[in-house]
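# Residue-level structure breakdown
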Amino acid sequence: MYLLGLIAFISYFLESIFGFGGTVVFLGLGGLTNDFKEVLLLAIYVALIASGTVIFQQRKEMPWGHLKRLTLPFLPGLVIGTLLIDMLASVWLLKLFALVMIGNSLQSLLYPQFEAPRMFRMGCLVTGGFIQGLFSCGGPFVLMGYRHEFKNKSDLRITMASFFFATNLWKLIQNSATTGSALPVLESYWWTAFPVIAAMYAGYWVHKRISEKHFKVGMTIGILLIGVALLLR
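Quick summary incoming for the structure in this document. The structure presented is a predicted model; accordingly, all values stated were derived computationally and were not measured.

Looking at the secondary structure, you find W64 in helix α4 (residues 64-83). With 118 residues separating them in the primary sequence, W64 and A182 have C-alpha atoms 29 Å apart.

In structure tokens, the structure reads:
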């Protein structure tokens with residue numbers, strides 16, 4: 001029990017700094033100590049708590065324009081992924097998505113001037129919705145398709161948090177109305193909210209002090225490491 005709380009703290013401390021990646025780390029580490037499907041369902045709850053904390057911290061910076069542009073390509077995949085969570089949520093499917101993450105992040109590091117075609121960026125948003133529905137970790141794909149639209153690191157952080165909050169709330173409601181498989185897990189691990197909230201405040205302190213340049217490099221390296229970790233899991 002205490003180990004899972006520590007994993008939640010570490011995972012969402014990183015997300016608080018860079019605006020994404022916490023759920024992927026939580027699934028990767030939590031899946032080593034607990035049943036993967038149980039951790040997958042718990043991730044809906046802890047991600048909801050984490051993004052809600054960010055919204056409270058940056059409540060005066062709500063990015064309504066970004067959210068409107070992201071919703072249309074993202075929503076269909078989210079609904080389908082959530083419906084299929086009990087059938088398709090396997091580690092092997094994550095490995096396939098990991099290869100795309102690795103390729104895109106290597107391109108960003110080695111050829112930063114290259115701009116991916118609009119069709120590819122739109123495809124990343126659609127795929128991100130599907131991954132968010134299945135695994136609650138569609139953030140890397142959203143960034144692959146949309147990161148050039150953000151003004152700065154804080155704009156990225158609050159946008160991703162607002163997006164994660166809305167999608168995970170949707171997932172929780174949809175799951176409760178269909179299979180209800182997430183509710184028993186939430187009842188057992190409701191207390192994980194406390195280490196997650198602590199992690200979001202600790203990470204926000206670091207976020208405000210890191211430079212924009214280091215933030216962008218760290219974000220790209222983060223996507224690369226996430227892809228490698230998922231591939232080797």
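In this section: the nonpolar core. Residues Y12, F26, L27, L42, F135 and L143 are the most contacted members of the largest nonpolar core, which totals 62 residues. Here this core takes 14 residues from helix α3 (residues 36-57), the largest share from any one element. Filtering out sequence-adjacent residues up to four positions away, L42 remains in contact with L4, F26, V185, Y189 and T192.

On to a nonpolar patch on the surface. Taken together, the side chains of L3, L6, F9, I10, L14, L29 and L32 make up a nonpolar region of the molecular surface, amounting to roughly 610 Å² of accessible area. Residue contributions to the nonpolar patch peak at 5 residues, all from helix α1 (residues 2-18).

What follows covers helix α2 (residues 22-33). Here α2 spans 17 Å end to end across 12 residues, near enough to the 16 Å set by a 1.5 Å rise per residue. Taken residue by residue, α2 has G22, T23, V24, V25, F26, L27, G30 and G31 as its buried positions.

A separate point is the packing of α4 against helix α7 (residues 118-135). One way to put it is that α4 packs onto α7 with a least axis distance of 6 Å and a crossing angle of 35°. Crossing handedness for the pair α4 and α7: right-handed. Together, L70, P73, F74, G77, L78, I80, G81 and T82 of α4 and M122, L125, V126, G128, G129, F130, Q132, G133 and L134 of α7 make up the contact between the two elements. Here the residues of the contact of α4 with α7 sort into 10 nonpolar, 7 polar and no charged.

Thresholds applied
Position numbers for residues count from 1 along each chain, tracking the sequence in the order it is written. The predicted nature of this model means local features are confined to residues of pLDDT at least 70 and side-chain atom pairs, given and counted, to a pLDDT of 80 or more, with totals for whole chains, interfaces and linings taken over all residues. No hydrogens and no water enter the side-chain calculation; it runs on all heavy atoms of the structure. The way it works is that DSSP assigns letters per residue, a run of H or I at least four long becomes a helix, a run of E at least two long becomes a strand, and they are numbered from the N terminus. The set of buried Ala, Val, Leu, Ile, Met, Phe, Trp, Tyr and Cys residues whose side-chain atoms join them within 4.5 Å is what this entry labels a nonpolar core. Only protein chains enter the accessibility calculation, which uses a 1.4 Å probe; a residue whose area is less than 20% of its type maximum is buried, one above 50% is exposed, and one in between is partly exposed. Contacts: residue pairs with any heavy atoms within 4.5 Å of one another. Residues enter patches when their relative accessible area tops 30% and they take part in no salt bridge; the joining distance is 9 Å for like charges and 5 Å for the nonpolar side chains Val, Leu, Ile, Met, Phe, Trp and Tyr. For accessible areas, the Shrake-Rupley method is used with a probe of radius 1.4 Å. Any residue's cover is judged against the shown protein chains and nothing else. The term salt bridge refers to a side-chain nitrogen of Lys or Arg lying within 4 Å of a carboxyl oxygen of Asp or Glu. Given a helix with a known number of residues, its expected span is that number minus one, times 1.5 Å. Interaxial angle, 0 to 180 degrees, is taken between N-to-C directions of lines fitted to C-alpha atoms, where a helix line uses only the stretch in contact. Crossings are sorted by hand: turned counterclockwise from the far helix by less than a right angle, the near helix makes the crossing left-handed, and turned clockwise it makes it right-handed. When residue character is reported, Ala, Val, Leu, Ile, Met, Phe, Trp, Tyr, Cys and Pro are called nonpolar, Asp, Glu, Lys and Arg charged, and the others, Gly included, polar.

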